[in-house]
Every structure is written in structure tokens, then in C-alpha cells.
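Commentary on secondary and tertiary structure
Now for the letters of each chain:
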Amino acid sequence: MELLKSSYCNNYNIGVCSSCKLIASDYQSQINFKFSELEQLFTSLDSSTDKISNVKISDFVTLDQPLGSRYKAKFYVTGTTDGPVIGYADASGNIYDLVDCPLQTKLINKILFDLKTELGVSRLPPYSIQNRSGEVKGFHIKQSYSSNDVIIRLVLRSRDNFEDAVKVIDKLVVLNPEIKIGTINIQPEHKAILEGVREEIVYKEGNDWIEEQIGGVNLMVSPQVFTQVTPYIANLLYLRVASWIKELKITKVLDLYCGIGGFSLPSSLDIQSLSGYEISAEAINCANRALARYRTDSRAFYQLLDIDNELENLTDSFDLAILNPPRRGVNDRVISFLNRVKYPYIIYSSCNAKTLVRDIKNLNSYSVQKIIPFDMFPFTTHYETLVLLKAI
């Protein structure tokens, strides 16, 4: 695919940001590039065997309007008290100002602009990676697709300037009433990690969470839980999973790496039992809080579990296992467990097609039935792939 020399992103044109490596090409060319890559990866599965016999990759599920489609972002903060810089880090660790990214929503960009202004007014010292000094290290923001409610998180090195940071958040709330929750996270270590363990809610309007109506249900989103960056596509992804569960007449669902329940909650009223497992306590709390609106019986629940190391403890039978692991995929213990128990079906969703195909190769008790790619990360080389597997 030929890349043009310019795009509608000024940050890309002047060489400040290259995160969206495909942004200079037209949208259909981007999709063609991703589809070709996915096709090549799946050709490594021998089509002459039962693993992927006669299965064609479906057309990409795409966005009508990619611009302004990103509802979540994380930023580094650096610079000086007179000139704070809010943006992403390049491969060399340099951070460039990105308060006007065309991929993000207008509201996110406005809040970033306001943050930059208020940090300058407050004289809070941004963190210097080179000098290992300063206080403000990062900023996270999530916007609800359905309500426009916003969560903001300001990351500090220590509590030395805690009260001044609270004042910055209070001012952002005045300027942007869509903000419903503001937190301060403490990350004391000199690492390329944009958040620490300690976090405190310093502003909230109502609950400790906001709601996201997606997949036909209301999901609960608290500050530290994982959410998809492009909710328009996430909605279609979750609905497709729900349609497969209905078509296959699934009654007992095991949801692994369940997060806040996006993949399984939409089907919770249509199945007999639902068991979801996840290592994040905050995500489990959100999932159960949402589930309580739809079911209160003991046959549907979300529970803490270190899936990578404790999955062998599960003894119940299921018709379907849903997998949505991190980019690294699943480990050998999970693969061995799934090959041994041989559930009738697996639905595997991944943002890393390379580890997805690797894991499918190792799931030797299952064959590929359907493959659907979703453009979850427009303008970039990344995408989400949904695969239906059936026990052989």
C-alpha cells in the first residue's frame, strides 16, 4: 500500500506523531492492508486439515466515520511549568504535544486543552524523564459513548502536590460538566508505566462509576477498568458474539478474561448459567454490579481468578468458552486445559492476530468455523479479530 506524504492530521504531517501509521492512506486502502495481513496469517493454518477447512474470512466490520471515534486515551505529561506538554512517547522516549488528535472525540481534545492551560496556571511541575524530577506524570481519560460522561485520572509521582492537583481537577470539572469522576493516581517509579497501584477519587458526581450502554446492556465503568477504545465497533463486536450464542443455542457460558462483562452480559438473559472470571477485582465489581440489573440468581456470576495459573480448578461443564486475553494471548496451561475439557465451542476475540493464530494452532481439539475482523483501531495497523471454534 502506497503511503501519501500528507493527511488530515497536522501532527502526522509535521512529523510529531506517527502512531497512526496508515492515516495518510484512504480508509478503504487501510482496510485492504489489514485484511491482506490477516489472510496471510491464517494461511499458516493448513487448509487441507479439519483445522480451517473451507473457512473464508468475512469482510471487515468498519466505521462510517473514523474521525472522532476514539473515546479513551492515555497521555504522558512532561515539559516545564511554563509550557507543559501532553502527548504520546515515540520509540526514543520523546514526548510531543497532542492535544488536537483528530482520532479522538472533540470533548477529549477540549479537556486536554483545558488541562494544559490549568497545569500552566497551577505551576504544577511536569515530570522530567531525563532528570527524574517533577510531579505530573500522566493523564487518562474515558468518555462514555452513550452518555458523554467522562472519567479523568491525573497521575502524580508523589503526594507532595496533591492538593494543588485536586484544584486542577476541580477546575476541569467547572469547565467541562461532562466530567463525573476525577481521580489522582500515584506512580512513584521511574518506569514507562502510566499508572501506579494507589488511586483516590477526589471528585465524583453520584456513583464511583459511569455507565456505558453497549451491546444492548448497561456496562459499569470505573476508573481503572479496561474498556475498548472505539465503542462503536465494540458494540457491534459484542452483539455479534450474542448472536452466535443465540444461533448455537448455547445454555452454559464460561467467560474468561471477562473484564466488565462486555462479551457475556448481552446474553445473560438468554442462557441458563454464566460464569465469568478475571484477575482485576475492580472489573469484577463492575461486572457483578451490571449483572445484578439483569439477573440475581446464583447461576450467573463474575468472580476473581488468576486464569493463567488457576484455570485447572474449574470443574463445571460449559457449552462455550469466551476468550478475550491480553495481546500476549493465552499461555500453555490455558491451552492444555481447553484441549483437555474440549468444550463444544470457543469464541476467541483478540487485538493481536499473530498470537491469535498461534493459539489457534495449539488448540488442536478445535477447528475454525468463522473469522470476522473488526476495525477497532482505525488509521493504525491494529485490529480486532473474532473467531468461532468448534470441538473436533
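Going by the structure above, here's the rest.
Here is a short report on the structure shown in this document. (Residues numbered from 1 in each chain as written. Predicted model: local features only at pLDDT ≥ 70, side-chain atom pairs only at ≥ 80, totals over all residues. Heavy atoms only, no water.)

Quick look at the nonpolar core
In this structure, Phe 42, Ile 245, Leu 338, Ile 346, Val 368, Ile 371 and Leu 389 are the most contacted members of the largest nonpolar core, which totals 87 residues. It is helix α5 (residues 231–247) that contributes the most residues to this core, seven residues altogether. Phe 42 has contacts with Ile 52, Ile 57, Leu 356, Val 357, Ile 360, Ile 371 and Val 387, leaving out every residue within four places of it along the chain. In terms of nonpolar packing, the next biggest core, distinct from the first, is built from 29 residues, Leu 124, Ala 165, Ile 169 and Ile 179 among them. (Core = buried A, V, L, I, M, F, W, Y, C linked by side-chain atoms within 4.5 Å. Buried < 20%, exposed > 50% of the residue type's maximum accessible area, 1.4 Å probe, protein only. Helix = DSSP H or I, 4+ residues; strand = E, 2+ residues; numbered from the N terminus. Contact = heavy atoms within 4.5 Å.)

Points about the pattern of salt bridges
Considering all chains together, one arrives at 19 salt bridges under this definition. Asp 97 serves as the salt-bridge partner of Lys 116, at 2.1 Å between the closest nitrogen and oxygen. In this pair, Lys 116 sits in helix α3 (residues 106–122) while Asp 97 sits in strand β3 (residues 95–97), placing the two residues 19 residues apart along the sequence. When its relative accessible area of 27% is taken as the criterion, Lys 116 is described as partly exposed. When its relative accessible area of 25% is taken as the criterion, Asp 97 is described as partly exposed. Between Asp 297 and Arg 295 there is a salt bridge whose closest N-O contact spans 2.8 Å. A relative accessible area of 13% means that Arg 295 is categorised as buried. Each member of the salt-bridge network shares a partner with another, and the members are Lys 74, Arg 153, Glu 195 and Glu 199. (Salt bridge = Lys/Arg side-chain N within 4 Å of Asp/Glu carboxyl O.)

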